[in-house]
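Notes for the structure review
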Amino acid sequence: MRIGLDFDNTIVCYDPLFHRLALEAGLIPALLPVNKLAVRDHLRRLDKEELWTEMQGAVYGARMAEADMFPGVLDCLRWAKAAGHSLCIISHKTRHPFRGPRYDLHQAARGWVERRLLDQGLPLIPADQLFFELTKEEKLRRIAACGCDIFVDDLPEILLAAGFPEHTRRLLFDPEGHHAAVDGVTTIASWDALRRHLAMPCQPTL
Ligand SMILES: [Mg+2]
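Values in this document were obtained by computation on a predicted structure and should not be read as measured data.

How each quantity is defined
Within every chain, residues take consecutive numbers counted from 1 along the sequence as written. Residue-level local features of this predicted model are given only where pLDDT is at least 70; pairs of side-chain atoms are given and counted only at 80 or more, and the full residue set underlies all totals for whole chains, interfaces and linings. Hydrogens and water are ignored here; the side-chain numbers use all heavy atoms of the structure. DSSP calls a pair of strands paired once it identifies at least 2 bridges connecting them. Numbering of helices and strands runs from the N terminus; a helix is a DSSP stretch of H or I covering at least four residues, while a strand is a stretch of E covering at least two. Only the stretch in contact is used when fitting a helix axis, every axis being a line fitted to C-alpha atoms; angles between N-to-C directions are given from 0 to 180 degrees. In this description, contact between two residues means that some pair of their heavy atoms is separated by no more than 4.5 Å. Using a 1.4 Å probe on the protein chains alone, a residue whose accessible area is under 20% of its type maximum counts as buried, one over 50% counts as exposed, and one in between counts as partly exposed.

1. Concerning the sheet that holds strand β7 (residues 130-133)
The six strands lie next to each other as β7-β4-β1-β8-β9-β10, forming an open sheet whose pairing is parallel. Each having just a single partner strand, β7 and β10 (185-188) make up the two edges of the open sheet. With direction set aside, neighbouring strand axes in the sheet form an average angle of 20°. Relative to β10, strand β9 (residues 169-173) runs parallel, the two sharing four bridges. Looking at the pairing, F173 lines up with I188 of β10. Where helix α5 (residues 105-116) meets the sheet, its contacts fall on β4 (86-92) and β7, and the angle it forms with β7 comes to roughly 160°. Set on the sheet, helix α6 (residues 136-145) makes contact with β4, β7 and β8 (150-153); between it and β4 the angle comes to about 165°.

Right, dumping it as structure tokens:
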């Protein structure tokens, strides 16, 4: 099976890094929940939205190497590879941040994958299977071009987009239970749940 994976907020969990940067800058109380939306909302309440935008540039750029992954990512990817599935990452983001220094965000993301998604020093996903596109439309076209049997994303608007390929099964990664159930979309709350889902013997062959 060809398994496509989104990157930001599906593989990488930015909550601890946003919290750390905001704390370092003295912008939040230490007791604020370790959650990026809590950080954003706090800065909005202080009318410092521009600092939030700048912080995004640092998180996705200069400090990207410090970003964590969701629990269970490596185990699931190792399992999928060993089971003979083919894996790719398909993401979209701007090349440079909207504010602040012009980090290359695509390069930062690639570097993170190459350093972190390893099994015994070898890449779990080959470099030629990492696709960082500039727009949502290019991402959708890439999902189709890669022939993904299944695609995992944290954003319903990607899975439900008009350009989403008809024969690709839609999996919504929703660890905090933000979204209501939607017809045609399977919701998973964790990477362990994804692994169990992929391992189900009733998986249709597409
Ligand atoms: Mg995402």
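2. Re unusual backbone geometry
The backbone phi angle of N9 is positive, close to 65°, even though this residue is not glycine. Relative to the helices and strands, N9 is located in the loop between β1 (2-5) and β2 (12-13). You can call N9 buried: its relative accessible area is 19%.

From the geometry alone we can't say anything about function, so treat these as descriptive.
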